[in-house]
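Structural description and commentary
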Amino acid sequence: MILVPVLVSVVIWAWLLVGRGAFWRSGPVLGAAHPTRPLKVTVVIPARDEAEHISDALRSLLNQQFNGDLRIVLVDDNSSDGTGAIALGLAETDSRLRVVDGETLKTGWTGKMWAVSQGLRQEETLAADYVLLTDADIVHGPRHLASLVSRAERDQLSLVSEMVRLRCENLAERATLPAFVFFFQLLYPFRWVCDPGKSTAAAAGGTMLVSQEALRTVDGVNRISAALIDDVALAREIKRGGHKIWLGHGDQVVSQRRYTGFSDVWKMIARTAYVQLKYSPWVLIGTCLGMLLVYVEPAAASIFATGVLRWGGAVCWTSMALAFQPTLWRYRRSPAWGLVLPAIGLFYLTATIGSAVRFYHGRGGQWKNRNYPSQR
């Protein structure tokens, strides 16, 4: 009874390391900017109660070293903390920024997608060659937009997206957020996402440069109006439409979103984990068994088993620790965190179960004081 789980774990980790698109390499990276023809780019930012971050985010965009025509549209999604007023203050000093008062949330839409749709309807957005969809807590390096556009132009890409560098300062963030990136890479191997011959599609919502042509083809965000994992949903629509997409890691862009403790991270995971599982209790059961086999069982066998079983568990535990190293290196974290991955995996598993519990109690899609019904 003990031998079978250990053997299954060994087989799974052998396949993950060899046959899962080299997800563990933590690449590719966008790279530097190169000269391109002058283009029109409009940045669309949906913002709801982002007073803490919005000034830094907007200033970083207004200070972009970009040789094209840059416009910024911020949609204030009925903020109650003065987000709109802060943005309006900056708009008075720079005409490239315009603040739009968000309309009342429309039935069948998430707040973010409804705000984005309003931004996409604006005149300067419709006239742009590319639209940059970014979050209100993201700070962009001075050459970031130029790098995004040059990559899109060079490789004829309709979507260029980056996993932004997450804030990683307190214990909860250091312990869990690099693993969030690691698990995302495992779910959506970036190499497969970038391969036009594979159906795998994903994007990271903090930075998504989309061509106007692709947006017209997929009808903007109308098809994904109720999507809680909207970045992946948009990437899927664009790739299905025959467009080339690219997903990598961002060295020029940082999220200022802070998670003050483990409970904040737990809530972040629980908000969409059951959505990822398509609200299926059977997929949830399979996911729980898989997480236990992949992350928990190797550590348990290494500690409590004997003989060949202990060695099998140790091989798997070592494999996952080594696979985690490129991501840890990216976040400048100690290699020793690799040995803690079984415990981190168990934390994510409990949050996933919590996500299902929240869903069945009618609280599955809570975000920014809103509760969204499930979309099966």
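Residues numbered from 1 in each chain as written. Predicted model: local features only at pLDDT ≥ 70, side-chain atom pairs only at ≥ 80, totals over all residues. Heavy atoms only, no water.

1. Structural notes on the overall build of the chain
Our working rule: Secondary structure follows DSSP: runs of H or I at least 4 residues long count as helices, runs of E at least 2 residues long count as strands, and numbering of each begins at the N terminus. Atoms considered for the radius of gyration are the C-alpha atoms alone. The globule rule reads 2.2 Å times the number of residues to the power 0.38. Exposure is judged per residue with a 1.4 Å probe applied to protein chains only, and the accessible area is read against the type maximum: over 50% gives exposed, under 20% gives buried, and values in between give partly exposed. Contact criterion: two residues are considered in contact whenever any of their non-hydrogen atoms come within 4.5 Å of each other. The charge count treats Lys and Arg as positive and Asp and Glu as negative. His and the chain ends do not count. Working definition for charges: the position is that of NZ of Lys, CZ of Arg, CG of Asp or CD of Glu.
Helix and strand content of the chain: 14 helices and eight strands. Relative to the compact-globule value of 21 Å for 376 residues, the chain shows a C-alpha radius of gyration of 21 Å, a close match. Dimensions along the principal axes, computed over C-alpha positions, put the chain at roughly 70 × 45 × 40 Å. Here the chain, with 376 residues, has 56% of them falling under the buried criterion. Long-range contacts, defined as pairs at least 24 residues apart, comprise 80% of the intrachain contacts of the chain with a sequence gap of at least 6. Taken as two groups, the 40 positive and 31 negative side-chain charges of the chain have centres that lie 8 Å from each other.

2. What about the environment of P46?
As for its placement among the helices and strands, P46 is situated in strand β1 (residues 40-47). Sequence-wise, P46 and M113 are 67 residues apart; in three dimensions their C-alpha atoms are separated by 8.2 Å. Apart from residues no more than four positions distant in its own chain, P46 is found in contact with V75, K112, A115, V116, T134 and A136.

3. Considering a nonpolar patch on the surface
Heads up, the rule is: Patch rule: a residue counts if its relative accessible area is over 30% and it has no salt bridge; like charges are joined within 9 Å, and nonpolar side chains (Val, Leu, Ile, Met, Phe, Trp, Tyr) within 5 Å. Note on areas: Shrake-Rupley with a 1.4 Å probe; residue coverage comes only from the protein chains shown. The salt bridge criterion pairs a side-chain nitrogen of Lys or Arg with a carboxyl oxygen of Asp or Glu, the two atoms within 4 Å.
On the surface, a nonpolar cluster with roughly 530 Å² of combined accessible area is contributed by W282, I285, L289, L292 and L346. The element contributing the most residues to the nonpolar patch is helix α12 (residues 281-304), with four residues. Inspection of the secondary structure assignment puts L346 in helix α14 (residues 341-360). Take L346: its relative accessible area is 37%, and that puts it in the partly exposed class.

4. Some details on the confidence of the model for the chain
Spelled out, the test is: The predictor attaches a confidence to each residue, and that confidence, scored 0 to 100, is pLDDT.
Taken as a whole, the chain shows an average pLDDT of 93; of its residues, 96% reach a score of 70 or greater. Mean pLDDT across the elements of the chain bottoms out in helix α1 (residues 3-19) (92) and peaks in strand β4 (residues 130-134) (98).

5. Description of helix α11 (residues 262-276)
As a reminder of what qualifies: Expected helix span is taken as 1.5 Å per residue step, with the number of steps being one fewer than the number of residues.
With 15 residues, α11 ought to run about 21 Å at 1.5 Å a step, and its terminal C-alpha atoms sit 21 Å apart, in line with that. Along α11, the residues classified as buried are V265, M268, I269, A270, R271, T272, A273, Y274 and V275. Structurally, α11 contributes buried residues whose contacts are with α7 (171-187), α12 and α14. A positive backbone phi angle near 60° is found at K278, which sits one or two residues after α11.

6. A word on the packing of aromatic side chains
Selection criterion: Pairs were defined over the aromatic rings of Phe, Tyr and Trp, the Trp ring being its six-membered one, requiring ring centres within 6.5 Å. Orientation was assigned from the angle between planes: stacked under 30 degrees, edge-to-face over 60, tilted for the rest. We call a charge positioned above a ring when the Lys NZ or Arg CZ atom is no farther than 6 Å from the ring centre and deviates by at most 35 degrees from the ring normal.
With the rule as written, the count across this model stands at 16 aromatic pairs. Their ring planes at 55° and their centres at 5.3 Å tell us that F184 and Y188 sit as a pair that is tilted. Of the two residues, F184 and Y188, both sit in the buried class. Members of the aromatic cluster, connected to one another through ring pairs, are W13, F23, F182, F183, F262, Y295, F324, F347 and Y348. A cation over an aromatic ring shows up here: R165 above the ring of Y331, its NZ or CZ 5.5 Å from the ring centre.

7. Structural notes on the pattern of salt bridges
Applying the stated criterion to the full structure yields 17 salt bridges. Here R258 ties to E52 by a salt bridge, and the two come within 3.0 Å at their closest N and O atoms. Linking R258 in the loop between β8 (245-255) and α11 with E52 in the loop between β1 and α2 (54-62), this pair joins segments that are 206 residues apart in sequence. For R258, a relative accessible area of 41% corresponds to the partly exposed category. Two residues, R165 and D251, come together in a salt bridge whose shortest N-O distance is 3.5 Å. Of this pair, R165 sits in strand β6 (residues 159-165) while D251 sits in strand β8, and the two are 86 residues apart along the sequence. Salt bridges sharing common partners tie together E50, D137 and R257.

8. As for helix α10 (residues 230-240)
Summarising burial for α10: nine of the eleven residues are buried, a large majority. Of the residues making up α10, those classed as buried are D230, D231, V232, A233, L234, A235, E237, I238 and K239. Phi turns positive, to about 90°, at G242, one or two residues after α10.

9. Digging into the pairing of strand β7 (residues 207-211)
Selection criterion: DSSP bridges decide pairing: two strands pair if at least two such bridges lie between them.
Among the five residues of β7, five are classified as buried, and the element is accordingly described as predominantly covered. Side chains T207, L209 and S211 project from β7 onto one buried face, and the interleaved M208 and V210 project onto a second face that is buried too. Sheet analysis places β4 next to β7, joined by five bridges and oriented antiparallel. Looking at β7, one finds that L133 is bridged to M208. Across three bridges, β6 lies against β7 in antiparallel orientation. Pairing of L159 across the sheet is with V210, part of β7.

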